[in-house]
Amino acid sequence: MKLKIDLDKCIRSGECYYNHPEIIRMQDNGDPEIIVAEISTPELKRHAEQAIEVCPAMAISLED
Ligand code: SF4
(Lines give C-alpha, C1' and ligand atoms only; values in the text may rest on other atoms or scores of the structure.)
Protein backbone atom coordinates (compact mmCIF):
# COMPACT_ATOMS: atom_id res chain seq x y z
CA MET A 1 0.00 0.00 0.00
CA LYS A 2 0.99 3.59 -0.59
CA LEU A 3 0.82 6.72 1.51
CA LYS A 4 -0.69 9.76 -0.19
CA ILE A 5 -0.88 13.44 0.68
CA ASP A 6 -3.57 15.63 -0.83
CA LEU A 7 -1.76 18.96 -1.21
CA ASP A 8 -5.07 20.72 -1.90
CA LYS A 9 -6.13 19.87 1.68
CA CYS A 10 -2.69 20.22 3.33
CA ILE A 11 -2.27 23.41 5.38
CA ARG A 12 1.54 23.00 5.75
CA SER A 13 1.31 22.60 9.52
CA GLY A 14 4.27 20.22 9.59
CA GLU A 15 3.06 17.62 12.09
CA CYS A 16 3.60 14.79 9.61
CA TYR A 17 7.24 15.41 8.87
CA TYR A 18 8.18 16.57 12.36
CA ASN A 19 6.68 13.46 13.93
CA HIS A 20 7.42 10.95 11.16
CA PRO A 21 10.57 11.98 9.28
CA GLU A 22 11.15 8.33 8.38
CA ILE A 23 8.26 8.47 5.91
CA ILE A 24 7.64 12.16 5.13
CA ARG A 25 10.00 15.10 4.66
CA MET A 26 9.58 18.80 4.07
CA GLN A 27 10.44 20.04 0.59
CA ASP A 28 12.20 23.37 0.08
CA ASN A 29 8.87 25.05 -0.68
CA GLY A 30 7.30 23.80 2.57
CA ASP A 31 5.21 21.04 1.01
CA PRO A 32 5.36 17.61 2.66
CA GLU A 33 6.71 14.79 0.49
CA ILE A 34 6.39 11.03 0.94
CA ILE A 35 9.84 9.42 0.94
CA VAL A 36 8.87 5.73 1.02
CA ALA A 37 7.52 4.20 -2.17
CA GLU A 38 5.63 1.39 -0.44
CA ILE A 39 4.27 0.92 3.06
CA SER A 40 5.59 -2.62 3.15
CA THR A 41 6.19 -3.46 6.81
CA PRO A 42 4.04 -3.37 9.98
CA GLU A 43 6.37 -0.72 11.41
CA LEU A 44 5.97 1.57 8.40
CA LYS A 45 2.21 1.01 8.54
CA ARG A 46 2.18 2.04 12.19
CA HIS A 47 4.08 5.24 11.38
CA ALA A 48 1.78 5.92 8.44
CA GLU A 49 -1.34 5.49 10.58
CA GLN A 50 0.10 7.80 13.22
CA ALA A 51 0.88 10.44 10.59
CA ILE A 52 -2.71 10.18 9.35
CA GLU A 53 -3.94 10.71 12.91
CA VAL A 54 -1.83 13.80 13.62
CA CYS A 55 -2.67 15.60 10.39
CA PRO A 56 -5.10 18.43 11.29
CA ALA A 57 -6.31 18.71 7.69
CA MET A 58 -7.05 15.01 7.11
CA ALA A 59 -4.84 15.30 4.04
CA ILE A 60 -2.99 11.98 4.45
CA SER A 61 -4.34 8.61 3.43
CA LEU A 62 -3.24 5.03 2.86
CA GLU A 63 -4.27 3.44 -0.42
CA ASP A 64 -3.94 -0.12 -1.74
S1 SF4 B 1 0.33 17.16 8.91
FE2 SF4 B 1 -1.19 17.28 7.25
S3 SF4 B 1 -1.57 19.48 7.00
FE4 SF4 B 1 0.32 19.28 8.17
S5 SF4 B 1 1.97 19.36 6.63
FE6 SF4 B 1 1.45 17.19 6.97
S7 SF4 B 1 -0.06 16.70 5.39
FE8 SF4 B 1 0.02 18.93 5.54
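This text follows the structure it describes.
Report on the accompanying structure. Quick caveat, the model's predicted, so the values are computed rather than measured.

Focus: the overall build of the protein chain
Step number 1: Within the protein chain one finds 2 helices and 4 strands.
Step number 2: A compact globule built from 64 residues should have a C-alpha radius of gyration of about 11 Å, and the protein chain, at 10 Å, falls within 12% of that.
Step number 3: Expressed along its principal axes, the backbone C-alpha trace of the protein chain runs to roughly 30 × 20 × 15 Å.
Step number 4: When each of the 64 residues of the protein chain is scored for burial, the buried share is 34%.
Step number 5: Counting contacts in the protein chain only where the partners sit at least 6 residues apart, residues at least 24 apart contribute 56% of the total.
Step number 6: When the accessible surface of the protein chain is summed, it comes to about 4200 Å², and 49% of that surface belongs to carbon and sulfur atoms.
Step number 7: The positive charge centre, built from 7 side chains, and the negative charge centre, built from 13, are 2 Å apart in the protein chain.

Here we look at the pattern of salt bridges
Step number 1: Summed over the entire model, instances satisfying the criterion amount to 5 salt bridges.
Step number 2: A salt bridge links R12 to D31; the shortest N-O distance between them is 2.8 Å. Of this pair, R12 sits in the loop between β1 (2–5) and α1 (15–19) while D31 sits in the loop between β2 (24–26) and β3 (32–34), and the two are 19 residues apart along the sequence.
Step number 3: Since its relative accessible area comes to 35%, R12 is described here as partly exposed.
Step number 4: The salt bridge involving E33 is made with R25; its shortest N-O contact spans 2.6 Å.

A look at the side chain of D31
Step number 1: The exposure class of D31 is buried, given its relative accessible area of 12%.
Step number 2: If we ignore the near neighbours within four places in the chain, the residues touching D31 are L7, R12, R25 and M26.

Some points on the environment of I11
Step number 1: Within the element layout of this structure, I11 appears in the loop between β1 and α1.
Step number 2: Between the C-alpha atom of I11 and that of P56, which follows or precedes it by 45 residues, the distance is 8.2 Å.
Step number 3: Residues in contact with I11, not counting those within four places in the same chain, are P56 and A57.

Structural notes on the packing of aromatic side chains
Step number 1: Under the criterion given, the structure shown has 1 aromatic pair.
Step number 2: A ring pair is formed by Y17 and Y18, whose centres lie 5.2 Å apart and whose planes are at 65 degrees; its orientation type is edge-to-face.
Step number 3: Its relative accessible area of 9% is what places Y17 among the buried residues.
Step number 4: Taking the relative accessible area as the measure of exposure, Y18 reaches 63% and is therefore exposed.

Calculation notes
- Residues numbered from 1 in each chain as written.
- Predicted model: local features only at pLDDT ≥ 70, side-chain atom pairs only at ≥ 80, totals over all residues.
- Heavy atoms only, no water.
- Helix = DSSP H or I, 4+ residues; strand = E, 2+ residues; numbered from the N terminus.
- Rg over C-alpha atoms; globule rule 2.2 N^0.38 Å.
- Buried < 20%, exposed > 50% of the residue type's maximum accessible area, 1.4 Å probe, protein only.
- Contact = heavy atoms within 4.5 Å.
- Areas by Shrake-Rupley, 256 points an atom, 1.4 Å probe, with all protein chains shown as cover.
- Lys, Arg positive; Asp, Glu negative; His and termini not counted.
- Charge placed at Lys NZ, Arg CZ, Asp CG, Glu CD.
- Salt bridge = Lys/Arg side-chain N within 4 Å of Asp/Glu carboxyl O.
- Phe/Tyr/Trp six-rings, centres within 6.5 Å; stacked < 30°, edge-to-face > 60°.

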